[in-house]
Amino acid sequence: MSVINFITVHGRRRSRLLSGIFPVILLCLAMAAPLSAGGPDHRAETARGLVKTFAGELGMKLKTALGEGGAVEAIRVCNVVAPDIADRLSTEHDWHIARTSLQPRNTDNAPDDWEAAVLRDFDERLRNGEAIKDMEYFAEVATEDGTLFRYMKPIPTQGLCLTCHGSDIDPVVQSEISRLYPDDRATGYRMGDIRGAFTLSRLH
Ligand code: HEC
């Protein structure tokens, strides 16, 4: 965690006892910040960790739900739990964390121009023989709010994803998906395709 992050995340919770010396600490930290705030590599490392946490938690919940309640119950995990985990991690870590895709199921997950270009590039890299697990992309992007650090990591389509993203979806599952997502475009995938990507960003 960078020094700046430490101040914003933990500064709010400081006791009154500390408030007298806090400006002094702040000044020292501000002077040290340019050296220790961390460059793109440091931020990419943090982003990789957050992706692992997000993917791990979601994968576990999805597998449990598929095993215990079946596919219709598991839709709820993707529908409610996935955005919840993303929101919780975003708040806890002061990053924006989400999932996106060139063929989104939820239109809220549609990519912006930058994300769409990166997703197309991931597909191109896959066609050129690169392994999905080795792919990632990050850059610092100038926006009107300041410099944004952006990170993306593609998500491979595994066998179990085909239950809800494949070509041969059970009619009961399909009707629940169509009910919740009338504009769904996330079917017809095959194992080994890139289903989408984790997308993370953080203002400097
Ligand atoms: C039980 C059904 C189900 C299974 C199994 C499933 N998904 Fe999904 N998936 C969904 C639903 C529903 C959404 C929409 C979530 C939302 O509203 O944000 C979704 C959304 C996504 C998204 C976000 C982009 C978009 O299309 O909106 C990605 C990426 C994704 N799924 C990847 C996967 C991967 C990879 C697997 C396998 C490991 C998988 N899914 C398995 C139902 C499923």
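Residues numbered from 1 in each chain as written. Predicted model: local features only at pLDDT ≥ 70, side-chain atom pairs only at ≥ 80, totals over all residues. Heavy atoms only, no water.

Peer 1: A description of the site of the ligand should follow, citing residues and the corresponding values.
Peer 2: Surrounding the ligand, one finds 20 residues, the nearest of these being Arg105, Cys161, Cys164, His165 and Tyr181. A distance of 2.8 Å is found between an oxygen atom of the ligand and a side-chain nitrogen or oxygen belonging to asparagine 109. Within the side chain of histidine 165, an N or O atom sits 2.9 Å from a nitrogen atom of the ligand. Within the residue set of the shell around the ligand, elements represented by two or more residues are α5 (70–93), β3 (146–156) and α7 (162–165). By residue number, the principal contributor to the shell around the ligand is α5, which donates four residues. (Near = heavy atom within 4 Å. Polar contact = N/O pair within 3.5 Å; in protein donor to acceptor, adjacent residues only side chain to side chain. Helix = DSSP H or I, 4+ residues; strand = E, 2+ residues; numbered from the N terminus.)

Peer 1: Can you break down the nonpolar core residue by residue, with the values?
Peer 2: With 20 residues, the main nonpolar core has Phe54, Leu58, Ile85, Trp95, Ile97, Tyr151 and Leu200 as its most contacted residues. Secondary-structure elements contributing two or more residues to this core are α4 (40–68), α5, β3 and β4 (194–203). By size, the runner-up hydrophobic cluster in this structure holds eight residues, among which are Phe122, Ile132, Met152 and Ile194. (Core = buried A, V, L, I, M, F, W, Y, C linked by side-chain atoms within 4.5 Å. Buried < 20%, exposed > 50% of the residue type's maximum accessible area, 1.4 Å probe, protein only.)

Peer 1: I'd like to hear about the sheet that holds strand β2 (residues 137–143), residue by residue, with values.
Peer 2: Spatially, the four strands line up as an open sheet ordered β1-β4-β3-β2, and their pairing is antiparallel. Among the strands making up the open sheet, the edge pair consists of β1 (96–100) and β2. Mean inter-strand twist for the sheet, computed between neighbouring axes without regard to direction, equals 25 degrees. Here β3 pairs with β4 via nine bridges, running antiparallel. Bridge assignment links leucine 148 to a residue of β4, and that residue is leucine 203. Strands β1, β2, β3 and β4 of the sheet are contacted by helix α6 (residues 113–127), whose axis makes an angle of about 40 degrees with β3. (Pairing = 2+ DSSP bridges. Axes fitted to C-alpha atoms, helices over the stretch in contact; angles between N-to-C directions. Contact = heavy atoms within 4.5 Å.)

Peer 1: With reference to specific residues and values, describe α4.
Peer 2: A rise of 1.5 Å per residue sets the reference length of α4, with its 29 residues, at 42 Å; its end C-alpha atoms lie 42 Å apart and thus fit the reference within 8%. Taken as a whole, α4 has its buried residues at Arg43, Ala44, Ala47, Leu50, Val51, Phe54, Glu57, Leu58 and Ala65. On its buried face, α4 sits against α5, β1, β2, β3 and β4. Two residues or fewer after α4 comes glycine 70, characterised by a positive phi angle close to 85 degrees. (Expected span 1.5 Å × (residues − 1).)

Peer 1: So what's going on with the pairing of β2? Which residues, and what values?
Peer 2: In terms of strand pairing, β2 meets β3 through seven bridges, oriented antiparallel. Each bridged residue has a counterpart across the sheet, and for threonine 143 the counterpart in β3 is glycine 146. Connecting β2 to the antiparallel partner β3 that follows it, the hairpin turn spans two residues.

Peer 1: Summarise the packing of α5 against helix α8 (residues 171–180); cite the residues concerned and give the values.
Peer 2: Between α5 and α8, the shortest axis-to-axis distance is 9 Å and the interhelical angle comes to 30 degrees. The orientation of α5 relative to α8 falls into the category roughly parallel. As α5 runs across α8, the sense of the crossing is right-handed. The segment α5 lies against α8, with Ala71, Val72, Ile75 and Asn79 engaging Val172, Val173, Glu176, Ile177 and Leu180. Here the residues of the contact of α5 with α8 are counted per class, giving seven nonpolar, one polar and one charged. (Parallel < 35°, antiparallel > 145°, perpendicular 65-115°, else oblique. Left-handed = near helix turned anticlockwise from the far one by under 90°. Nonpolar A, V, L, I, M, F, W, Y, C, P; charged D, E, K, R; others polar.)

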